[in-house]
Amino acid sequence: MEFCPQCQSNKIIKSGVINDRQRYKCKQCSYNFTVNKLGKQIDQYYVTKALQLYLEGLSYREIERILGVSHVTVMKWVRKYQIKQAFQNEYHPTYKICNSDELADFFKDQQNLKGAGVIVTELGNKFMLIKWERFKE
Ligand SMILES: [Zn+2]
């Protein structure tokens, strides 16, 4: 559902497509505006997630497995946006996909956080938890 950026009304009507973007007109205040088409928004979401994971040290193949985006596509995005990993990790991060309850359980157990770094990122209707262990015993 789209809303008018000017008056927040949802009484809007489509009024053509300009440069691949859907154009709307607000019936309330007559304001014209455009939004990205839905397909493009979803693409952008996966581009951002893929680049995030790449920066966190995951391999192309792992990103493919997690996001369902081919590793060739991910490589293209990395090149296109000129993303460089800041450094090569000596140790490899582990990751798991969980729902919010499993996330809560993970954080409740202090042992899980000892000597480790954790990043949580939204992934569809679940969460991905990426963990680095700094000190191995
Ligand atoms: Zn309006």
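Just above, that's the structure.
Residues numbered from 1 in each chain as written. Predicted model: local features only at pLDDT ≥ 70, side-chain atom pairs only at ≥ 80, totals over all residues. Heavy atoms only, no water.

*Asks:* I would appreciate a short explanation of the overall build of the protein chain in the present structure.
*Replies:* Along the backbone of the protein chain there are four helices and six strands. Reading the secondary structure of the protein chain in the N-to-C direction produces β-β-β-α-α-α-β-α-β-β. Taken across its 137 residues, the protein chain has 26% of its residues classed as buried. In the protein chain, once contacts between residues fewer than 6 apart in sequence are set aside, the share between residues at least 24 apart is 42%. Accessible area for the protein chain stands at about 9800 Å²; split by element, carbon and sulfur atoms hold 48% of it. (Helix = DSSP H or I, 4+ residues; strand = E, 2+ residues; numbered from the N terminus. Buried < 20%, exposed > 50% of the residue type's maximum accessible area, 1.4 Å probe, protein only. Contact = heavy atoms within 4.5 Å. Areas by Shrake-Rupley, 256 points an atom, 1.4 Å probe, with all protein chains shown as cover.)

*Asks:* Even after reading the chapter, I still don't get the coordination of the zinc ion, so can you show me in this structure?
*Replies:* A four-donor tetrahedral metal ideally has 109.5 degree angles, and a six-donor octahedral metal ideally has angles of 90 or 180 degrees. The coordination sphere of the zinc ion contains the protein donors Cys4 (SG), Cys7 (SG), Cys26 (SG) and Cys29 (SG), at a distance range of 2.3 to 2.4 Å. Classification of the site at the zinc ion as tetrahedral follows from its four donor atoms and the range of 105 to 115° in their angles at the metal. All donors of the zinc ion belong to a single chain; written as a sequence motif, their spacing is C-x2-C-x18-C-x2-C. Note that cysteine 4 is positioned in the segment before β1 (12-18) and cysteine 29 in the loop between β2 (21-26) and β3 (32-36), a separation of 25 residues in sequence. Among the residues examined, cysteine 4 registers a relative accessible area of 0% and is labelled buried. (Donors = N, O, S within 2.8 Å, 3.2 Å for Na, K, Ca; no water. Tetrahedral: all angles 85-135°; square planar, octahedral: opposite > 155°, others 65-115°.)

*Asks:* Sorry if this is basic, but what is going on with the sheet that holds strand β5 (residues 116-123) here?
*Replies:* In a beta sheet, neighbouring strands pair by backbone hydrogen bonds and run either parallel or antiparallel. Pairing within the open sheet is antiparallel, and its three strands lie in the order β4-β6-β5. Single-partner strands in this sheet number two, and they are β4 (94-98) and β5. Pairwise comparison of adjacent strand axes, ignoring direction, gives a mean angle of 20° for this sheet. Both β5 and strand β6 (residues 126-133) contribute to a ladder of eight bridges, which runs antiparallel. Note that in β6 the partner of glycine 117 across the bridge is tryptophan 132. Packed on one face of the sheet, helix α2 (residues 60-67) meets β4, β5 and β6 and runs near 5° to β4. Of the strands in this sheet, β4, β5 and β6 are in contact with helix α4 (residues 100-108), which crosses β6 at around 25°. (Pairing = 2+ DSSP bridges. Axes fitted to C-alpha atoms, helices over the stretch in contact; angles between N-to-C directions.)

*Asks:* Would you explain the packing of α2 against helix α3 (residues 71-80) in this entry?
*Replies:* Describing two packed helices takes the angle between their axes plus the distance from one axis to the other. α3 packs onto α2 with a crossing angle of 115° between their chain directions and a minimal axis gap of 8 Å. Overall, the two elements α2 and α3 adopt an arrangement that is roughly perpendicular. At the point where α2 passes α3, the crossing takes the right-handed sense. Of the residues in α3, those touching α2 at Tyr60, Arg61, Ile63 and Glu64 are His71, Val74, Met75 and Val78. When the residues that make up the contact of α2 with α3 are grouped by side-chain class, the tally is five nonpolar, one polar and two charged. (Parallel < 35°, antiparallel > 145°, perpendicular 65-115°, else oblique. Left-handed = near helix turned anticlockwise from the far one by under 90°. Nonpolar A, V, L, I, M, F, W, Y, C, P; charged D, E, K, R; others polar.)

*Asks:* For this particular structure, what's the right way to read α2?
*Replies:* All of the buried residues along α2 are Glu62, Ile63, Ile66 and Leu67. One face of α2 carries all of its buried residues, which in axial projection span an arc of 110°. Opposite its buried face, α2 presents the exposed residues Arg61 and Arg65, each directed more than 90 degrees away. Trailing α2 by a residue or two, glycine 68 shows a phi angle of about 75°, which is positive. (Arc of directions from axis to C-beta.)

*Asks:* Where do I start with unusual backbone geometry in this structure?
*Replies:* Peptide bonds are mostly trans, and most non-glycine residues show a negative phi. Even without being glycine, glutamine 8 reaches a positive phi, approximately 65°. Considering the arrangement of structural elements, one finds glutamine 8 in the segment before β1. Here serine 30, not a glycine, exhibits a phi torsion of approximately 65°, which is positive. Mapped onto the fold, serine 30 is located in the loop between β2 and β3. Among the residues examined, serine 30 registers a relative accessible area of 45% and is labelled partly exposed.

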